Amino acid sequence: MSDTATPRAEAVIDLGSIRHNVALLAGRAAGSGAATMAVVKADGYGHGAVPVARAALDAGATWLGACSAAEAIALREAGIDARILSWLDTADTDLAPAIAAGVDVSVSSAAELARVAAAAGRVGGVAEVHLKIDTGLSRNGCPPALWPDLVAAAAAEPRVRIAAVWSHLACADEPGHPSIDAQAARFAEAYATATAAGLSPLRHLANSAATLTRPDLHLDLVRVGIAMYGLNPVPQKEDLRPVMTFRSAVALCKRIAAGESVSYGHTWTADVATTLALVPVGYADGVPRTLSGRMDVWLGGRRRPVAGRVCMDQLVVDCGGDEPEPGSEVVLFGTGAAGEPTAREWADTIGTIDYEIVTGMFRPRVRRRYVGEGVR
Ligand SMILES: *Cc1c(COP(=O)(O)O)cnc(C)c1O
């Protein structure tokens with residue numbers, strides 16, 4: 001096998017689209033006086049954290065968001081010196097390397113504050129801390145009842161600097177949901193506690209959906225994830241460009257007679273003689289098996305149905321009277337601009353969200369290729 005062979009499963013990442021989407025989102029944020037954090041957790045939602053981060057910083061983001069200290073340190077090791085916030089690790093994770101690397105860390109409890117302060121002490125520095133208030137998501141974040149004590153303890157701790165107060169919304173993708181205003185009100189109250197303690201940290205609350213629909217909640221910084229990848233989390237139309245195209249190529253083409261059945265379980269039977277194209281991608285490459293019998297691919301300039309079950313490494317396309325050449329491109333999902341399926345269509349079909357589809361491409365068998373403006 002040579003490196004120039006067509007990959008079986010390839011995620012093409014258009015960094016020009018990252019730049020377009022970030023410019024749109026950062027423009028909205030700047031309209032409210034807010035800065036933009038590009039969230040690149042889970043290896044950039046399956047798109048590759050480092051290339052996405054660089055394109056996002058070029059296009060107007062000034063912060064990066066990472067789930068863990070390890071993700072944040074990987075960005076630093078790639079030479080990225082932008083401000084980075086890391087928000088969730090296990091209780092025994094050593095945060096000293098992240099603090100030494102100038103990564104901001106989140107704190108939700110007195111115990112976390114003590115661990116961060118101890119880690120800062122070990123590296124002889126001061127940790128930049130974002131105090132997280134739980135305004136109603138009930139995930140991480142400090143419960144309101146414990147907040148005044150946490151703020152007081154943080155303010156009195158010389159090894160931390162309180163850079164921000166922040167929280168996360170539960171239902172921002174449903175504009176008008178009453179929880180959004182309820183969370184915003186709790187957030188304002190929590191922030192007032194911090195200012196009353198003599199602090200003046202940044203405030204951040206909005207994810208992609210709130211960035212698109214609630215300029216009043218942009219505050220000082222917005223944290224955009226999914227919309228940067230071109231997937232729209234809100235009902236209204238937005239000029240976002242899907243960044244990932246998932247493609248393969250026909251490996252083999254053959255005729256079968258009427259009455260022949262296809263793939264495991266023989267769930268599909270040809271009612272007339274037809275041509276089948278074998279495509280070497282399957283559920284080990286991120287094609288959900290639950291799409292069996294419920295998906296099309298884009299092949300030879302049109303949509304064609306997948307016949308029978310999606311297997312671990314392969315699927316079979318019914319090409320009717322057409323006989324695509326082996327090597328012909330097969331688009332599993334893309335931008336939708338030409339009529340090809342999209343990640344959103346897969347998600348809607350199987351009852352999930354497009355976040356899970358693209359993040360599911362974060363796997364060793366899927367090769368990534370970067371195209372577009374901003375490639376380095
Ligand atoms: C993932 C995440 C985001 C980004 O959310 P999107 O809906 O993808 O914009 C923002 N903030 C936090 C804390 C997150 O975990």
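Residues numbered from 1 in each chain as written. Predicted model: local features only at pLDDT ≥ 70, side-chain atom pairs only at ≥ 80, totals over all residues. Heavy atoms only, no water.

## Here we look at the sheet that holds strand β14 (residues 274-279)
The 3 strands lie next to each other as β11-β14-β17, forming an open sheet whose pairing is antiparallel. This sheet does not close on itself; its edge strands, each paired only once, are β11 (252-256) and β17 (315-318). In this sheet, neighbouring strand axes are inclined to one another by 30 degrees on average, regardless of whether the strands run parallel or antiparallel. (Pairing = 2+ DSSP bridges. Helix = DSSP H or I, 4+ residues; strand = E, 2+ residues; numbered from the N terminus. Axes fitted to C-alpha atoms, helices over the stretch in contact; angles between N-to-C directions.)

## A look at the confidence of the model for the protein
In this model, the protein carries a mean pLDDT of 97, and residues with pLDDT of at least 70 account for 98%. Summarising per-element confidence for the protein, the mean pLDDT is lowest in strand β19 (residues 367-371) (96) and highest in strand β2 (residues 35-39) (99). (pLDDT = per-residue confidence, 0-100.)

## Digging into the packing of helix α7 (residues 147-155) against helix α8 (residues 178-196)
One can describe the packing of α7 onto α8 by two numbers: an axis separation of 10 Å at closest approach and a directional angle of 35 degrees. Relative to α8, the crossing made by α7 is right-handed. Contact residues: W147, P148 and V151 in α7; A190, T193 and A194 in α8. By residue class, the composition of the contact of α7 with α8 is 5 nonpolar, 1 polar and no charged. (Left-handed = near helix turned anticlockwise from the far one by under 90°. Contact = heavy atoms within 4.5 Å. Nonpolar A, V, L, I, M, F, W, Y, C, P; charged D, E, K, R; others polar.)

## Description of the pattern of salt bridges
According to the stated counting rule, one finds 20 salt bridges in the structure shown. In this structure, R83 and E128 form a salt bridge, with 3.2 Å as the shortest nitrogen-oxygen distance. Pair noted here: R83 is in strand β4 (residues 83-86) and E128 is in strand β6 (residues 127-132), with a separation of 45 residues, a long-range link. Given a relative accessible area of 29%, R83 falls into the partly exposed group. We note a salt bridge from D181 to R214, for which the minimum N-O separation is 2.8 Å. Of this pair, D181 sits in helix α8 while R214 sits in the loop between α9 (208-213) and β9 (221-224), and the two are 33 residues apart along the sequence. Its relative accessible area of 18% is what places R214 among the buried residues. Sharing partners across several salt bridges, the network here consists of E10, R247, E329 and R369. (Salt bridge = Lys/Arg side-chain N within 4 Å of Asp/Glu carboxyl O. Buried < 20%, exposed > 50% of the residue type's maximum accessible area, 1.4 Å probe, protein only.)

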